[in-house]
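So the chains spell out like this:
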Amino acid sequence: MVDLELGGETPAEATDGVWLACVACGETVAPYDDVVYRCPDCDGLLEVRYDEYPTFDDFEGVGVWRYADALPLNEGVSIREGNTPLYTVPEIEADVDVADVRVKHEGMNPTGAFKDRGMTVGVKVAERLGVDRLACASTGNTSAALACYGARADTEVLVLLPAGKVAAGKVAQAALHGARILEVEGNFDACLDVVAELAARGEAYLLNSINPFRLEGQKTIGLEILEQSKRETGEWPDRIVLPVGNAGNTAALYKCFRELVEAGAMAEDEMPALTGVQAEGAAPMVEAVREGREEVRRWEEVETRATAIRIGNPVNAPKALPGVRATGGTAVAVSDDEITDAQRALARDGVGVEPASAASVAGLTKLRREGEIDDDEQVVCLTTGHLLKDPDAAAAAGGDTTPVPADADGVLDVL
Ligand code: F0G
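If you're wondering where the values come from, they're calculated on a predicted model, not measured in any experiment. (Residues numbered from 1 in each chain as written. Predicted model: local features only at pLDDT ≥ 70, side-chain atom pairs only at ≥ 80, totals over all residues. Heavy atoms only, no water.)

Caption draft 1: View of the environment of Ile221. Tracing the sequence through the fold places Ile221 in helix H6 (residues 212-233). Between the C-alpha atom of Ile221 and that of Arg305, which follows or precedes it by 84 residues, the distance is 25 Å. Sequence-distant contacts of Ile221, that is, excluding residues within four places in its chain, are made with Lys104, Glu106, Phe114, Arg117, Asn249, Leu253 and Leu382. (Helix = DSSP H or I, 4+ residues; strand = E, 2+ residues; numbered from the N terminus. Contact = heavy atoms within 4.5 Å.)

Below you can see the structure in the form of structure tokens.
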């Protein structure tokens, strides 16, 4: 049984009105006494809980820390993350024939992906815990963000990457920000198994999305989408379509909505339908949603051009699956060619994204074609990473270059 009920008594373990609760058995844990990632009793996932949940009136300022009242700390290790644009995409909107389509482009964060929202919180918590080495497994973006925020916090960073399966821009970021980069003979899931064991042995502080503090920062994607949509369209979206890897964002968005419901700022039937998209070659969440299962079966073999979501064991599934269900959402798998088509469509509307991000638009297109999304819906697609993260994929999806001589007539001849 998963227990995602908020509210109730503040436990004795709370510090400043903040504590950790196991979503599997309800056990409560002090947030900053010891380093803890999972329930000490049953090994379930932990989530951060508060004695009070804010409403929209409580927020002020700009970016992730606008939402400090919804976060465990008042300030983070910050490089001005968040406050990303919510774009209109007129061509895509016309193509898919839906009332309103917008794109929340998380590629516009400091390191070019949504990960910064989690790291600004997580790296600050690490400081408070007094750890001296930060670590993650990564398909690329997490490692880039951790390297950057670790550098800012002047703390050692160790990243484990699946050898040969991480896009060039991401490795370059981790390298320049000074992370120790280890290339593992295995996929992302194997990397996470190894780094989780290192963390369990006390060798490093784990900043993958299994870390409950990171997901608190990622909740602010939801808060921004709701505020921006209300401001720009007068309404909250009916649906949020997002790429799924470890299902951290899916879990974080659902937590965002649950907290607003608990605060009385949102009715339960106003929660946007969480709609997850995976690549066909790495779709264990989709399988679980489609088969109505409570648990995800790990895929040992995964492959997709969208390397960011080349993941077979979505660790946050126990938090995310109930969110998909409770919000009336769904999940869908798309092919690599559908992902590339969507990447090109986004580019035509002026939005440059990496392949995994385009999965959201590919999913919208497919669900619309299959009649699972209605034409009167207001939809937000989440694009999670910037085009320049994966320059090879962008170049392959784009047009060819033409060699010309260095004179105007020669150029005009070719044109
Ligand atoms: N999109 C991009 C661009 C990502 O980098 C990731 C995850 C996701 C989507 C999936 O998000 O895990 O919340 O479902 N990247 C991780 C990494 C795994 O290591 O960079 P999720």
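Caption draft 2: Highlighting the site of the ligand. Inspection of the region around the ligand gives 20 residues, with Lys115, Ser138, Gly245, Asn246 and Thr384 positioned closest. In the environment of the ligand, an oxygen atom lies 2.8 Å from a nitrogen or oxygen atom belonging to the backbone of Thr139. Asn141 is positioned such that a nitrogen or oxygen atom in its side chain is 2.8 Å from an oxygen atom of the ligand. Coverage of the ligand by the protein amounts to 99% of the 480 Å² it exposes when considered alone. Of all the elements in the fold, those that place two or more residues in the shell around the ligand are helix H3 (141-152) and helix H7 (248-263). Taken together, the residues that form the shell around the ligand break down as eight nonpolar, ten polar and two charged. Of the domains in this structure, domain 2 (86-109 + 215-397) and domain 3 (115-210) are the two that each give at least three residues to the shell around the ligand. (Near = heavy atom within 4 Å. Polar contact = N/O pair within 3.5 Å; in protein donor to acceptor, adjacent residues only side chain to side chain. Areas by Shrake-Rupley, 256 points an atom, 1.4 Å probe, with all protein chains shown as cover. Nonpolar A, V, L, I, M, F, W, Y, C, P; charged D, E, K, R; others polar. Domains from an automatic or database assignment.)

Caption draft 3: Broad picture of the packing of H7 against helix H9 (residues 317-326). One way to put it is that H7 packs onto H9 with a least axis distance of 8 Å and a crossing angle of 55 degrees. Comparing the axis directions of H7 and H9 gives the class oblique. In this structure, H7 crosses over H9, and the sense of that crossing is left-handed. Judged by residue contacts, Thr250, Ala251 and Tyr254 of H7 engage Lys319, Ala320, Pro322, Gly323, Val324 and Ala326 from H9. Residues belonging to the contact of H7 with H9 are distributed by class as follows: six nonpolar, two polar and one charged. (Axes fitted to C-alpha atoms, helices over the stretch in contact; angles between N-to-C directions. Parallel < 35°, antiparallel > 145°, perpendicular 65-115°, else oblique. Left-handed = near helix turned anticlockwise from the far one by under 90°.)

Caption draft 4: The layout of surface pockets, seen in detail. Computed from the structure, the largest pocket encloses a volume of approximately 420 Å³. In terms of lining residues, the largest pocket is bounded by 17 residues, among which Glu294, Glu295, Val296, Ala317 and Pro318 are the most central. Residues that form the lining of the largest pocket fall into these classes: eleven nonpolar, two polar and four charged. When residues of the lining of the largest pocket are sorted by domain, at least three fall in each of domain 1 (1-52) and domain 2 (86-109 + 215-397). (1 Å grid on protein atoms, 1.4 Å probe; cavity = no way out; pocket = protein on both sides within 12 Å on 5 of 7 lines; lining within 4 Å. Points joined across faces, edges and corners; volume = space filled by probe spheres on them.)

Caption draft 5: Summary view of the UniProt feature "binding site: pyridoxal 5'-phosphate" (unreviewed entry) in the protein. With numbering matched to this structure, UniProt assigns "binding site: pyridoxal 5'-phosphate" (unreviewed entry) to Asn141, Gly245, Asn246, Ala247, Gly248, Asn249 and Thr384. In the annotated group above, the largest cavity draws its lining from Asn141, Gly245, Asn246, Ala247, Gly248, Asn249 and Thr384. Tracing the backbone shows Asn249 in helix H7. Asn249 gets classed as buried once you look at its relative accessible area, which sits at 7%. Apart from the residues within four sequence positions on either side, Asn249 is in contact with Phe114, Gln218, Ile221, Leu242, Leu382 and Thr384. For Asn249, the side chain forms a polar contact with the side chain of Gln218, separated by 2.9 Å. Looking at the element boundaries, Thr384 is found in the loop between strand E13 (378-383) and helix H12 (391-397). If near-sequence neighbours (up to four positions away) are discounted, Thr384 is found in contact with Glu106, Gly107, Gly112, Ala113, Phe114, Pro243, Asn249, Ala356 and Ser357. (UniProt positions renumbered as here; feature names shortened; annotations may be inferred. Buried < 20%, exposed > 50% of the residue type's maximum accessible area, 1.4 Å probe, protein only.)

Caption draft 6: View of the domain arrangement of the protein. Segmenting the protein into domains produces domain 1 (1-52), domain 2 (86-109 + 215-397) and domain 3 (115-210). Placing a centre on the C-alpha atoms of domain 1 and another on those of domain 3 gives a separation of 24 Å. Across the contact, nine residues belong to domain 1 and nine residues belong to domain 3. In total, domain 1 and domain 3 occlude about 740 Å² of area from one another, counting both sides; carbon and sulfur atoms represent 69% of this. Linking domain 1 with domain 3 are one salt bridge. Counting every contact that joins domain 1 to domain 3 gives one residue pair in polar contact (both at pLDDT 80 or more). Considered class by class, the residues forming the side of domain 1 that touches domain 3 number five nonpolar, one polar and three charged. (Buried area = accessible area lost by both parts, 1.4 Å probe. Salt bridge = Lys/Arg side-chain N within 4 Å of Asp/Glu carboxyl O.)

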